[in-house]
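Residue-level structural notes
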Amino acid sequence: MNKETEGTLLALLGMLLYGLEPVVIKANPANPMSFAAFSALIASLILWPIVLLTSSWREAKENPQYIPKAFLVGVFGTALAYISYSYGAQLSTAINASLITRAEVLFSFVLAYIFLKEKITKEQLFWSFSILTGLFLVITQGRTIIPRKGDFLLLLVPLFWQSGHVIAKKLPYSPFLIAAFRNTFGGFLLFLLALPFGLEFSKIAIAEGIILSFGQVIWYLAIKRINLSKATAIITPAPAVAIGIAILMGEKFTLYHLAGFILITLGTFMVSRIKSELKEPAQ
């Protein structure tokens, strides 16, 4: 199995795993900031033993100059992204939050094109917009979207995520070590910010920590093998997974669901077939 196929399958697995996250987060009864801090720290506790057992820690010892960049992955990808999401969602609606954060694929195209020199094809753009259109139909169910004050903060979330991903893709560390650093640095920052609001521990944070740890490792394994822009397009339908689970559990299935799932499935399939390329061949 070549790297392209491996990366594509890993991204698809990541989409399914991250699709479970909204279900877990919705079940959280604790303070959102405290929940995020504990979830990230639990993820780091899961990851560090693996890092030590696989000797991945030696990578940091041999290349300590990249640790500050790993810190930035935690700052952007975990701390700033979650703060923006938490406060943005409070000032907006669940529908707006779901749709705006899925604009991550558009930020991915721009940042990957500029900083990673990835080639973005017209076919990739077309099918990615097909996925976004499908998500729009599934999430809105034909209802009008009203802009809210928190939407600008929500728009920062995918920007922070992708900024962290761009930095992570260039790190010479294993996916386990990158994820361990991200959750450790991001978790401690969130922990300090959560202190003034009071710490609340929920058992649901354990489930979220498991999703974060394995989801991020799978994600970093994927973007080490394929273009960041392609991997992002593949995981874009993740919210539809949670909606699909809800439908299987008895929620009403509408024509908007049908049309949306067709566009999402077709778009994801077509994007997964596109080969990862750079703008300029490596010398």
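Residues numbered from 1 in each chain as written. Predicted model: local features only at pLDDT ≥ 70, side-chain atom pairs only at ≥ 80, totals over all residues. Heavy atoms only, no water.

An unreviewed UniProt entry lists the protein chain under the name DMT family transporter, with Thermococcus aggregans given as the organism.

A word on the UniProt feature "transmembrane region" (unreviewed entry) in the protein chain
Mapped onto this numbering, the UniProt entry gives "transmembrane region" (unreviewed entry) at residues 32–54, 66–85, 97–116, 125–146, 180–198, 204–222, 231–249 and 255–274. Split by type, residues 32–54 is 96% helix and 0% strand. Its first and last C-alpha atoms lie 33 Å apart. (UniProt positions renumbered as here; feature names shortened; annotations may be inferred. Helix = DSSP H or I, 4+ residues; strand = E, 2+ residues; numbered from the N terminus.)

Quick word on the UniProt feature "domain: EamA" (unreviewed entry) in the protein chain
Feature annotation in UniProt assigns "domain: EamA" (unreviewed entry) to the following positions: residues 7–139 and 149–272. Each end of residues 7–139 is marked by a C-alpha atom, and these two atoms are 28 Å apart; helix forms 82% of the span and strand 0%. Taken end to end, residues 149–272 is 77% helix and 0% strand, and its first and last C-alpha atoms sit 35 Å apart.

Quick word on the packing of helix α8 (residues 122–140) against helix α14 (residues 255–272)
Closest axis-to-axis distance for the α8/α14 pair is 7 Å, and the angle between their directions is 155 degrees. With respect to α14, the axis of α8 lies roughly antiparallel. Read as a crossing pair, α8 and α14 show a hand that is left-handed. Contacts from E123, Q124, W127, S128, S130, I131, T133, G134, L135, L137 and V138 of α8 reach α14 at Y256, H257, A259, G260, F261, L263, I264, L266, G267, T268, M270 and V271. By residue class, the composition of the contact of α8 with α14 is 13 nonpolar, nine polar and one charged. (Axes fitted to C-alpha atoms, helices over the stretch in contact; angles between N-to-C directions. Parallel < 35°, antiparallel > 145°, perpendicular 65-115°, else oblique. Left-handed = near helix turned anticlockwise from the far one by under 90°. Contact = heavy atoms within 4.5 Å. Nonpolar A, V, L, I, M, F, W, Y, C, P; charged D, E, K, R; others polar.)

Section: helix α5 (residues 67–90)
For α5, built from 24 residues, the straight-helix expectation of 34 Å at 1.5 Å per residue is met to within 8% by its first-to-last C-alpha distance of 33 Å. The sharpest bend along α5 reaches about 30 degrees and sits at V75. Burial in α5 covers these residues: A70, V73, G74, V75, G77, T78, A79, A81, S84, S86 and G88. (Expected span 1.5 Å × (residues − 1). Bend = angle between axes of the 7 residues up to and from the residue. Buried < 20%, exposed > 50% of the residue type's maximum accessible area, 1.4 Å probe, protein only.)

Side note on the packing of aromatic side chains
Evaluation of the coordinates by the stated rule reveals nine aromatic pairs. Chaining the aromatic ring pairs together yields one cluster made of W48, Y66, F71, Y173, F181 and F185. (Phe/Tyr/Trp six-rings, centres within 6.5 Å; stacked < 30°, edge-to-face > 60°.)

Some points on a nonpolar patch on the surface
There is a patch of nonpolar side chains on the surface, built from V110, Y113, I114 and F115 and spanning about 390 Å² of accessible area. Assignment of secondary structure puts I114 in helix α7 (residues 104–115). (Patch = residues over 30% accessible without salt bridge, like charges linked within 9 Å, V, L, I, M, F, W, Y side chains within 5 Å. Areas by Shrake-Rupley, 256 points an atom, 1.4 Å probe, with all protein chains shown as cover. Salt bridge = Lys/Arg side-chain N within 4 Å of Asp/Glu carboxyl O.)

Details of the environment of F214
For F214, the position within the fold is in helix α11 (residues 204–223). Through-space distance from the C-alpha of F214 to that of L47 is 8.6 Å; in sequence the pair is 167 residues apart. With residues up to four places along the chain from it excluded, the contact list for F214 reads L17 and I46.

Some details on unusual backbone geometry
Its identity as a non-glycine residue notwithstanding, K117 has a phi of 60 degrees, on the positive side. Within the element layout of this structure, K117 appears in the loop between α7 and α8. Here Q141, not a glycine, exhibits a phi torsion of approximately 55 degrees, which is positive. Relative to the helices and strands, Q141 resides in the loop between α8 and α9 (151–169). For Q141, a relative accessible area of 18% translates into the label buried.

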